[in-house]
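# Coordinates in review
Chain residues, written in single-letter form:
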Amino acid sequence: MKKINDMIQILEEKGRFKETKNFIQHGDVSVYEHSVLVAKKSLDLAEKFNIDVDEEALIRGALLHDYFLYDWHEKDDSHKWHGFFHPMKSLKNAMRDFEISEIEEDIIKKHMFPLTPVPPKTKEAWLVCMADKICAMKETVEPRYKKVWNKVKRIAIS
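Residues numbered from 1 in each chain as written. Predicted model: local features only at pLDDT ≥ 70, side-chain atom pairs only at ≥ 80, totals over all residues. Heavy atoms only, no water.

Attention now moves to the overall build of the protein. In terms of regular secondary structure, the protein is built from 6 helices and 2 strands. Listing the helices and strands of the protein from first to last along the sequence gives α-β-β-α-α-α-α-α. The buried share of the protein, taken over its 158 residues, is 44%. Taking contacts inside the protein between residues at least 6 apart in sequence as the whole, the part at least 24 apart equals 62%. For the protein, the computed accessible surface area is about 9600 Å², with 58% contributed by carbon and sulfur atoms. (Helix = DSSP H or I, 4+ residues; strand = E, 2+ residues; numbered from the N terminus. Buried < 20%, exposed > 50% of the residue type's maximum accessible area, 1.4 Å probe, protein only. Contact = heavy atoms within 4.5 Å. Areas by Shrake-Rupley, 256 points an atom, 1.4 Å probe, with all protein chains shown as cover.)

Structure follows, in structure tokens:
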């Protein structure tokens, strides 16, 4: 987690990563929290499957994969196709604020595969793509599951 925290500090000092705290991603999870969870899960997957990766690029790409810097929940025509277009908006913002490596570009641009049609070409981008799906599912399904489970428990007790 230290490597992730160190990278967060750099992204906050040199760019606008701190602004991602202002936007909700899934449920009540901010884009900031989601990005940190994706970075951690990406590293966990690499370790679990013993995949040799460029850790710095993996962490940085994971933290910046949703660097779109707007509230996609607002009713606005420019957000209508958020799932398809936010990778390119995130990449544009990342390239404006930082020097982005080819691996980081691949991660940011392709993390929504298969919603975006071109698959990742690097192992780091594949890991972030998978970690993003895992985290998104957890962030959206788990709170609903807990709500239903609590309701079932209340009914069973009464």
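The next subject is the packing of aromatic side chains. For the structure shown, the criterion picks out 4 aromatic pairs. With 5.6 Å between their ring centres and 85° between their planes, phenylalanine 113 and tryptophan 126 make a pair best called edge-to-face. Linking phenylalanine 113 in the loop between α5 (102–110) and α6 (123–157) with tryptophan 126 in helix α6, this pair joins segments that are 13 residues apart in sequence. Looking at lysine 21, its charged tip hangs above the ring of tyrosine 32, at a distance of 4.6 Å from the centre. (Phe/Tyr/Trp six-rings, centres within 6.5 Å; stacked < 30°, edge-to-face > 60°. Lys NZ or Arg CZ within 6 Å of the ring centre and 35° of its normal.)

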